[in-house]
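Observations on chain architecture
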Amino acid sequence: MNDALTAEVLRNALVVTAEEASVVVVRSAYSTFIVEGSDASAAVLDVRGRLIAQSMATTLMNSMALKVALPFLLADHPPGSMAPGDAYVMNDAYRGGVHTNDLLVYRPVFVEGEPAYLTATMIHVSDLGGLSAGGMAPLATDIFLEGLQLPPVRLATAEGIVPAVEAILRANSRTPDKVMGDVRALLAGTAVAAARLSSLVSEYGAAGLAEGIDAYLDYTEARTRAALAELPRGRFTASYPIDDDGIHPGRPHTVRVTVTLPTHGTEAPRPALWSRPPDPRPEPDTGQSRVQGTAERGESESGESEGGAGAPAGAPVVVDFEGTGPQVPAAINSSASQSMAAAVFAVRCFLDPTIPMNDGCLRAIDVRLPVGSLLNATPPHPCGGRFVPIYAAMEAVFQALSEAVPERAIAASGILQPFSIAAVGAPYWIHLSYDFGGVGARRGLDGPDATGVHFGIGRNSVPQAEPVETRCPMIVESVETIPDSGGPGTFRGGLGSRTVLRFLAPCHVTTRGDRLSLAPQGRDGGLPGRPGGFFKRHLDGTLERLPSKANNVRFEEGEAFVVETTGGGGLGPPLSRERALVEADLRAGLITEHGAGRDYGLVIPAASPARPGRS
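Since this is a predicted model, take the numbers as computed values, not measurements.

Basis of the calculations
- Residues numbered from 1 in each chain as written.
- Predicted model: local features only at pLDDT ≥ 70, side-chain atom pairs only at ≥ 80, totals over all residues.
- Heavy atoms only, no water.
- Helix = DSSP H or I, 4+ residues; strand = E, 2+ residues; numbered from the N terminus.
- Buried < 20%, exposed > 50% of the residue type's maximum accessible area, 1.4 Å probe, protein only.
- Contact = heavy atoms within 4.5 Å.
- Areas by Shrake-Rupley, 256 points an atom, 1.4 Å probe, with all protein chains shown as cover.
- Pairing = 2+ DSSP bridges.
- Axes fitted to C-alpha atoms, helices over the stretch in contact; angles between N-to-C directions.
- Parallel < 35°, antiparallel > 145°, perpendicular 65-115°, else oblique.
- Left-handed = near helix turned anticlockwise from the far one by under 90°.
- Nonpolar A, V, L, I, M, F, W, Y, C, P; charged D, E, K, R; others polar.
- Core = buried A, V, L, I, M, F, W, Y, C linked by side-chain atoms within 4.5 Å.
- Phe/Tyr/Trp six-rings, centres within 6.5 Å; stacked < 30°, edge-to-face > 60°.
- Lys NZ or Arg CZ within 6 Å of the ring centre and 35° of its normal.
- Expected span 1.5 Å × (residues − 1).
- Bend = angle between axes of the 7 residues up to and from the residue.
- Disulfide = S-S within 2.5 Å.

**Here we look at the overall build of the chain**
Broken down by element type, the chain carries twelve helices and 20 strands. Within the span of the chain, comprising 615 residues, buried residues form 60% of the whole. In the chain, once contacts between residues fewer than 6 apart in sequence are set aside, the share between residues at least 24 apart is 76%. For the chain, the computed accessible surface area is about 22100 Å², with 54% contributed by carbon and sulfur atoms.

Shown next as structure tokens:
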């Protein structure tokens, strides 16, 4: 297994094993969000708790949950108690999960009569109760309002789904048939991946496959540590604010981070991913953590230069969120697995993108999450709104590393704006979706429009208009970018978008957004992006702005829901932008004549026609 070609073939075989599982889930699921948005994840792990491979379209949020939750599953169901055909399910946010609607399903793969590996799949099922259909619950004050909680339980045996578990799932869902269709899809994905993995065992032998996996993970770890060692040494701090928690207007919430980058020297001990033992039910610690001041580039806490030798070669990068605000009884907290995913994703964005994502990479990144903070919630604090704090965490790491590596700097971005639309009563139909903001400008590049910097979505992410109109009583009237929404700069921030959904029947709309009040800031003289929002268009055409976090707002037939996403921040002074680029933006409808003059000083002759936004 030392042959490089053989190792590469094995690596791709493992990734394809996970990828095929995710495709099976999408093709088999019942929920519109999964079928049309292709939002499904799959992974291959082992009984040592290592993440071996993930599907190509898998989000890091999901694969991190599958990894972090696995030790808790094995604690409740030791490998010796497992039998061929068994499968397990859980969604406990405090034990590695995400939130109540995200079901994690595991299937053991037996080698020489013993469980050696596990195949795992995960999707957001259509509904498992809670304040609003689809699992949104933006105004939940505890996790019990978010839906059904499942500890690790046996979901299926060789004879099929355990009847008692199916009865519990059905009794707690507004759409029981869809949920069970989704569950069967999850099981099918793990079964296909298990069959593929068993074939690899037959091809390489049990010892050969194990050796190959060890070598693959070690190779990934070595590449990650080498890439980290190329970054400037030092401690870099940053913070990012949250608009609001939906419950307490005006109460500030902030995520803070200190990133300590390694340098050359001797090999460091491998760090644990957890900063503390992964206690499934830690005692709440709601005391304020200390707030660290911003250090200058390359300085230590004392302000002295950190030159010279001493730090070990290949040492881990330390991403410490000490100083982040305490957890709150509102839906802006996150489980630990999701916050870890945010930190790891943000660091990887500054490394070689060809480095594989597996357990080897995770060994080189030491993430420290204060227990009882917004990023590591304890019972019974809600975790359904995890997008809000973890995207703030991601942005904080981006800004800290932009100080460390200014040639790769990125301005702040607009983020995804999730929402759900559901029937006001039985029989229920549910539409889950999100639209994306503009990406912040990067050094030398404008930000992409309406894509968001994201690590929490599937292949297509936003369902297409035609299937949505077929499955739900609504019309997608328009989808377009918003001119002038990208932050002006030498390099312009990406544009936000506007989507208009007109309803053909009464419904409830639930929203959960952020960066709709506090605009994503520019960098190095760049200006902020334009904040978006959620709106209700009444029958007379007037627009009413909705709260960023609103639960079950009633819409009548003929009324429309308007989603405007936030633009990304600009980078560099706007007046330094090349005139040819400003003129090109104007011709393409990315900016208006007014914006060209106001932001870039471009005087437009009176006869020049204005251009609308792009559809």
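Read on, since the account is not over.
**Regarding the pairing of strand S18 (residues 543-546)**
Where strand S17 (residues 533-537) lies against S18, four bridges are found, and the strand directions are antiparallel. Each residue of the ladder has a partner; that of Lys-536, found in S18, is Glu-544.

**A closer look at the sheet that holds strand S2 (residues 51-54)**
Here we have seven strands laid out as an open sheet, ordered S2-S1-S5-S4-S3-S6-S7, and antiparallel in their pairing. Across the chains shown, the open sheet's two edge strands, defined by having one partner strand only, are S2 and strand S7 (160-161). Examined bridge by bridge, strand S4 (residues 102-111) and strand S5 (residues 114-124) share ten bridges and lie antiparallel to one another. By the bridge assignment, Arg-107 is partnered in S5 with Thr-119. Most of the contacts of helix H6 (residues 206-229) go to S2, to which it runs at about 85°, and overall it touches S2, S4 and S5.

**Here's the deal with the packing of helix H3 (residues 60-76) against helix H7 (residues 336-348)**
Between H3 and H7, the least distance of the axes is 8 Å, while the angle of their chain directions is 125°. Between H3 and H7, the interaxial angle falls into the category oblique. Where H3 crosses over H7, the handedness of that crossing is right-handed. Side by side, H3 and H7 meet where Leu-60, Met-61, Met-64, Ala-65 and Val-68 of the first sit next to Ser-337, Gln-338, Met-340, Ala-341, Val-344 and Phe-345 of the second. Counted by class, the contact of H3 with H7 contains nine nonpolar, two polar and no charged residues.

**Looking at the nonpolar core**
Grouped together as the largest cluster of nonpolar side chains are 111 residues, with contacts concentrated most on Tyr-106, Val-259, Val-319, Phe-321, Val-347 and Val-397. Examining the composition of this core, we find that 13 residues originate from one element, helix H9 (residues 387-404), more than from any other. Once you skip the residues sitting within four places of it in the chain, Phe-321 turns out to touch Val-255, Arg-256, Val-257, Ala-343, Val-367, Arg-368, Leu-369, Pro-370, Leu-375, Ala-393 and Val-397.

**Things to note about the packing of aromatic side chains**
Under the defined criterion, the tally for this structure stands at eight aromatic pairs. On the numbers, 5.4 Å between centres and 65° between planes, the contact of Tyr-434 with Phe-436 is edge-to-face. Accessibility assignment for this pair places Tyr-434 and Phe-436 in one class, buried. An aromatic cluster of at least three residues, connected via ring pairs, comprises Phe-419, Phe-503, Phe-534, Phe-555 and Phe-561. Over the ring of Tyr-30 we find Arg-184; its NZ or CZ atom is 5.9 Å from the centre of that ring. Taking NZ or CZ as reference, Lys-536 lies 5.1 Å from the ring centre of Phe-555, over its face.

**Some points on the pairing of strand S10 (residues 317-320)**
Summarising the sheet, strand S9 (residues 253-261) and S10 pair through three bridges and their orientation is antiparallel. Residue Val-259 lies in a different strand from S10, and its bridge partner there is Val-319. Bridging between S10 and strand S11 (residues 365-368) involves four bridges; their strand directions are parallel. Its bridge partner being in S11, Val-317 is matched across the sheet by Ile-365.

**Overview of the environment of Gly-212**
If you trace the backbone, Gly-212 turns up in helix H6. C-alpha separation for the pair Gly-212 and Glu-8, spaced 204 residues apart in sequence, amounts to 9.7 Å.

**Section: H3**
Taking 1.5 Å per residue, 17 residues should reach 24 Å; H3 reaches 25 Å between its end C-alpha atoms and fits that length. At Leu-70, H3 shows its largest bend, some 35°, and a proline, Pro-71, comes one to four positions later. When you tally the buried positions in H3, you get 14 out of 17 residues, the bulk of the element.

**Structural notes on the state of the cysteines**
In a disulfide, the sulfur atoms of two cysteines are covalently bonded to one another. A full pass over the atoms with the stated rule returns zero disulfides. Looking at Cys-472, it has no disulfide partner, and the nearest cysteine sulfur is the one in Cys-507, 9.8 Å off.

**What about unusual backbone geometry?**
Residues Pro-379 and Pro-380 are joined by a peptide bond in cis, for which omega reads 0°. Relative to the elements of secondary structure, Pro-380 occurs in the loop between S11 and H9. Positive phi values are uncommon outside glycine, yet Asp-484 reaches one of about 70°. Its location among the elements puts Asp-484 in the loop between strand S14 (474-481) and strand S15 (497-503). Even without a glycine there, the phi angle at Asp-524 is positive, about 55°. Tracing the chain through its elements places Asp-524 in the loop between strand S16 (507-512) and S17.

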